[in-house]
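Analysis of the macromolecular model
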Amino acid sequence: MRQKWMSAALAAALFWGLAVSAWAAAPPNSIRVNSYKGNSLEIGERSGLIIGPSGAAYTVTSSDPDTVAVEQVLTFWVAVAKSEGTAEITAANRAGEYGTLTLTVAAADPAPSAGKDSAGLTDNLEIRLEMIRLINQARTANGVSELSVNEALMNAAQTCSDRRYTWHHSQEECQAAKDAGYPYGFGDNLTVFTGTANAAQRAVDNWISSPGHFETMIDPACDCIGVGVTQYDGITYCFMFVGIPNSVNFYA
């Protein structure tokens, strides 16, 4: 009897030892996964996925593609809401690190949404995400942390680019951030150029080559970012808003 008890105890100890080893070997949940439109989507909506750290290659999967499918568009991933329910999105890199995001899909609102005069938020999403990737790349190269995407600043920056400003309108920019729901102060860059090709690279290159704009872009006090891109009549208008936590928007 004692021998049987000892055998059972050894078996249990071996089981728990293997389990602990498996848990210890599990890859860390170190990848950031966010949805541009938030964690709740309506059927038929598409939302860009913001995955960090930037610059790496990721494989993205959905736990339920019939509810939320994922598609790769150029170098970006997009979540597509298919039916009501919940799905977990997982992004993994070649090192085995991963991150997850839970998306909930609801029935579409029958009321029509207000249209925009120029390109909508998602129409330019690929350009805007590429701008953010390049900005974070420049920050990393200069020893400062990457910026997470802030939806309020994304909306504020797009509002300002849609107005096709060719110089800064400080009060209007601050009001746009306040109206979008960002509660703190921020830094911002603007660039305007002729042509629409390679817009993200051209915008970031313009800011890198201008000392004042470059300092705003790599400011270590900032913790989040939003960008806007509007292309109209062959001209590209780009805004970058970088949030500064616990600072003050004097027009708020």
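Refer to the structure above for everything that follows.
This one's a predicted model, so the numbers in the text were calculated from it and none came from an experiment. (Residues numbered from 1 in each chain as written. Predicted model: local features only at pLDDT ≥ 70, side-chain atom pairs only at ≥ 80, totals over all residues. Heavy atoms only, no water.)

Considering a nonpolar patch on the surface
A contiguous nonpolar patch, built from Val 248, Phe 250 and Tyr 251 and spanning about 370 Å² of accessible area, is present on the exposed surface. As for its placement among the helices and strands, Tyr 251 is situated in the segment after strand 12 (235-244). Taking the relative accessible area as the measure of exposure, Tyr 251 reaches 39% and is therefore partly exposed. (Patch = residues over 30% accessible without salt bridge, like charges linked within 9 Å, V, L, I, M, F, W, Y side chains within 5 Å. Areas by Shrake-Rupley, 256 points an atom, 1.4 Å probe, with all protein chains shown as cover. Salt bridge = Lys/Arg side-chain N within 4 Å of Asp/Glu carboxyl O. Helix = DSSP H or I, 4+ residues; strand = E, 2+ residues; numbered from the N terminus. Buried < 20%, exposed > 50% of the residue type's maximum accessible area, 1.4 Å probe, protein only.)

So, helix 4 (residues 170-180)
Looking at helix 4, one finds that the buried residues are Glu 173, Cys 174, Ala 176 and Ala 177. Mapping the buried residues of helix 4 onto a view down its axis gives an arc of 155 degrees, with all of them on the same face. Positive phi shows up at Gly 181, right after helix 4, with a value of about 105 degrees. (Arc of directions from axis to C-beta.)

Remarks on the packing of helix 3 (residues 151-162) against helix 4
Where helix 3 meets helix 4, the axes come as close as 8 Å, and the angle between the chain directions of the two elements is 140 degrees. For the element pair helix 3 / helix 4, the angle class is oblique. Helix-helix and strand crossings are classified by hand; for helix 3 and helix 4 the assignment is right-handed. Residues Ala 152, Asn 155, Ala 156, Thr 159 and Cys 160 of helix 3 lie in contact with helix 4, whose contacting residues are Glu 173, Ala 176, Ala 177 and Ala 180. (Axes fitted to C-alpha atoms, helices over the stretch in contact; angles between N-to-C directions. Parallel < 35°, antiparallel > 145°, perpendicular 65-115°, else oblique. Left-handed = near helix turned anticlockwise from the far one by under 90°. Contact = heavy atoms within 4.5 Å.)

Focus on the packing of helix 2 (residues 125-141) against helix 5 (residues 199-208)
Contact pair helix 2 / helix 5: the axes reach a minimum separation of 8 Å and the direction vectors enclose 35 degrees. Seen along the crossing, helix 2 lies across helix 5 with a hand that is right-handed. Along the contact surface, helix 2 presents Ile 127, Glu 130, Met 131, Leu 134, Ile 135 and Ala 138, while helix 5 presents Ala 199, Ala 200, Gln 201, Ala 203, Val 204, Trp 207 and Ile 208. Looking at the contact of helix 2 with helix 5 residue by residue, the classes come out as 11 nonpolar, 1 polar and 1 charged. (Nonpolar A, V, L, I, M, F, W, Y, C, P; charged D, E, K, R; others polar.)

With respect to the packing of aromatic side chains
Remark: the centre distance and the inter-plane angle together describe each pair of aromatic rings, the angle taken between the planes. Following the criterion strictly, the structure yields 4 aromatic pairs and no others. On the basis of an interplanar angle of 75 degrees and a centroid distance of 6.4 Å, the ring pair of Tyr 165 and Phe 239 is categorised as edge-to-face. In this pair, Tyr 165 sits in the loop between helix 3 and helix 4 while Phe 239 sits in strand 12, placing the two residues 74 residues apart along the sequence. According to the relative accessible area criterion, Tyr 165 is buried, its value standing at 11%. A residue is classified by how much of its surface remains accessible, and Phe 239, at 0% relative accessible area, is buried. (Phe/Tyr/Trp six-rings, centres within 6.5 Å; stacked < 30°, edge-to-face > 60°.)

Some words on the pairing of strand 12
The element strand 12 is largely enclosed, with a buried count of 8 among its 10 residues. Direction of pairing for strand 10 (residues 185-194) relative to strand 12: antiparallel, over a ladder of 10 bridges. Paired with Phe 186 across the two strands is Gly 243, which belongs to strand 12. Sheet topology places strand 11 (residues 224-232) next to strand 12; 9 bridges connect them, and they run antiparallel. Bridge pairing in strand 12 links Val 227 to Met 240. (Pairing = 2+ DSSP bridges.)

Re unusual backbone geometry
The phi dihedral of Asn 198 is positive, around 50 degrees, even though this residue is not glycine. Residue position: Asn 198 is located in the loop between strand 10 and helix 5. The phi dihedral of Asp 233 is positive, around 55 degrees, even though this residue is not glycine. Relative to the assigned elements, Asp 233 resides in the loop between strand 11 and strand 12.

Re the state of the cysteines
For the coordinates displayed, the defined rule picks out 0 disulfides. Cysteine Cys 222 shares no disulfide, and the gap to the nearest cysteine sulfur, in Cys 224, comes to 7.9 Å. Judged by its relative accessible area of 4%, Cys 222 falls in the buried class. (Disulfide = S-S within 2.5 Å.)

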